Amino acid sequence: MLLRITHTYRSSFSDLSRETWLLSLVMLVNRAGTMVVPFMSMYITQRMHRSIADAGLIITLFGAGAVLGSSVSGYFIDRISFRAVQIFSSITGGILFLLMGQINNFTLLCVMMVILAFVAEAFRPANAAAVSAYATPQNLTRSYSLNRLAMNLGWALGSSLGGILAAVNYQLLFWTEGLVYILVGILIVVLLPPAKPAAKVVKTAQPVTEAASPWKDKFLLRFLILVALYCTFFHLLFRLVPVYWKEELHIDERIIGMLLGLNGIIIALFEMVLVKYWEGRKSNMYYIISGVVATALGYLLLVMPGMHPMLMAVGAVLFITMGEMLALPFINTVIMSRANEHNRGKYAAAFALAFSVAQIVGPAGGALITETFGYTILWGMLVLLCVGCAVGFKAISR
């Protein structure tokens, strides 16, 4: 049995290019420093002593900046290179994080949040385009899964360390993330070659649509709307749920950091093996729909009466994490398999844009509902909306 498990893990990581592994290493370091945004809501409410609505506003502004950054990044990825965009985003973003930690005025903090997100979130589509460029059709989904494994392992480390640092001094979060971002830019300069190998190694997994732009792909537009809805629900695990744990369940910041880190640990341990097992057995859309349903079950646990707070929190993380493992790798595959080497940046940016829109709608809408009706109504609405989103994916899959 042990040999069989070992062989399964080994085969899951086989046939991936050297560049794919280096990109994953870069992503691991990048996400290990991700501390500011996950704890930003708590920073606003606990450190600056402002309302949950203000916390929702600051995260919404981060989403607005991310939308702008994602929108323009595709242009520069296709015309310059994904490598150059990642270097600029990392080093400049690191400097902005260091500056942001010195700001105490809420209005100025709001302005800085938009600028920071604009620069820092350009990294995501550039990295996705790089993964696609270095992958083959046969291992595209696993290449994204390896990248997500690194991202979530880094997230687990960063969230756990962030919880410890936040309990000591919130300012340490800004210093740590800023320095890590700069380190990521240096690693890309040193490890990744400047040449673009896409035309030599990449073939599209299925015929590319006639439209050069993803915005002329009718199926993809409907798909991206539903992806944005799913990401809206998913994002709240890292934006408002920690505030709920702190204010309503009275869970300490150190434990909250560990709970958020649990998400990354589970993905790091199991996603690659599960994706290897799932690939080809069912359609991509089947797994996406299953992931949305699992997310609904995670939020359902938050409204279950009489549950112990820690059991409720851990259960929610487990189900929402399972939903993430089912949905996001196959969402990436559906989108990027419709691109070629000439418009890969635009397709990666389209997905990043949908992801970023969710960062606007989720925190703003969630904070408004919470202020008006309370957390219980919010979690109940998320359950219903997740079910509706799953039905939408089912409808377009026909």
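Residues numbered from 1 in each chain as written. Predicted model: local features only at pLDDT ≥ 70, side-chain atom pairs only at ≥ 80, totals over all residues. Heavy atoms only, no water.

Student: Looking at this structure, how should I read the overall build of the chain?
Tutor: Each helix and strand counted, the chain has 17 helices and zero strands in total. Relative to its length of 398 residues, the chain is compact, with a C-alpha radius of gyration of 20 Å against a globular reference of 21 Å. Taken over the C-alpha atoms alone, the chain extends approximately 55 × 45 × 40 Å along its principal axes. For the chain, with 398 residues in total, the buried portion stands at 59%. Contacts in the chain between residues far apart in sequence, at least 24 positions, make up 85% of those at least 6 positions apart. Accessible surface, the chain: about 16,000 Å² in total, of which carbon and sulfur atoms supply 68%. (Helix = DSSP H or I, 4+ residues; strand = E, 2+ residues; numbered from the N terminus. Rg over C-alpha atoms; globule rule 2.2 N^0.38 Å. Buried < 20%, exposed > 50% of the residue type's maximum accessible area, 1.4 Å probe, protein only. Contact = heavy atoms within 4.5 Å. Areas by Shrake-Rupley, 256 points an atom, 1.4 Å probe, with all protein chains shown as cover.)

Student: Before we go on, may I ask you to explain the packing of helix α3 (residues 40-47) against helix α4 (residues 52-79) in this structure?
Tutor: Helices that pack against each other are described as a pair by the angle of their axes relative to one another and the distance between those axes. Following both chains from N to C, one finds α3 and α4 inclined at 145°, their axes separated by 9 Å at the closest point. In this structure, α3 meets α4 at a crossing whose hand is right-handed. On α4, the residues touching Met 40, Ser 41, Ile 44 and Thr 45 of α3 are Ile 52, Asp 54, Ala 55, Ile 58 and Ile 59. Of the residues contributing to the contact of α3 with α4, the split by class is six nonpolar, two polar and one charged. (Axes fitted to C-alpha atoms, helices over the stretch in contact; angles between N-to-C directions. Left-handed = near helix turned anticlockwise from the far one by under 90°. Nonpolar A, V, L, I, M, F, W, Y, C, P; charged D, E, K, R; others polar.)

Student: Honestly, the pattern of salt bridges in this entry has me stumped. Any pointers?
Tutor: When their charged atoms lie close together, side chains carrying opposite charge are able to pair. This structure, assessed with the given rule, holds four salt bridges. The salt bridge partner of Asp 54 is Arg 50, with a shortest N-O separation of 2.9 Å. Given the relative accessible area of 19%, Asp 54 is considered buried. Residues Arg 338 and Asp 217 are paired through a salt bridge, measuring 2.8 Å at the closest nitrogen-oxygen approach. (Salt bridge = Lys/Arg side-chain N within 4 Å of Asp/Glu carboxyl O.)

Student: Please clarify how the nonpolar core should be interpreted in this entry.
Tutor: Generally speaking, nonpolar side chains in soluble globular proteins are found buried as a group. In terms of nonpolar packing, the biggest core is built from 127 residues, with Met 40, Phe 223, Trp 245, Tyr 299, Ile 331 and Phe 393 touching the most fellow members. Those residues in contact with Trp 245 that sit more than four places away from it in its chain are Leu 237, His 250, Ile 251, Ile 256, Leu 259, Leu 260, Ala 313 and Val 317. Membership of the second largest hydrophobic core comes to five residues, among which are Leu 16, Leu 146, Ala 268 and Met 272. (Core = buried A, V, L, I, M, F, W, Y, C linked by side-chain atoms within 4.5 Å.)

Student: How do you make sense of unusual backbone geometry when you look at a structure like this?
Tutor: Trans is the common state for peptide bonds, and a negative phi is the common state for residues other than glycine. Within the chain, His 49 stands out as a residue other than glycine whose phi angle is a positive 60°. Topologically, His 49 is positioned in the loop between α3 and α4. Judged by its relative accessible area of 66%, His 49 is exposed. The residue His 250 is not glycine, and still its phi comes out positive at about 60°.

Student: Is there a simple way to think about the side chain of Ser 90 in this case?
Tutor: Within the fold, Ser 90 resides in helix α5 (residues 82-100). Separated by 2.8 Å, the side chain of Ser 90 and the backbone oxygen of Gln 86 make a polar contact. (Polar contact = N/O pair within 3.5 Å; in protein donor to acceptor, adjacent residues only side chain to side chain.)

Student: What is the right way to read the side chain of Thr 60 from this model?
Tutor: By the element assignment, Thr 60 lies in helix α4. Beyond its immediate stretch of four places on either side in the chain, Thr 60 contacts Gln 359, Ile 360, Pro 363 and Ala 364.

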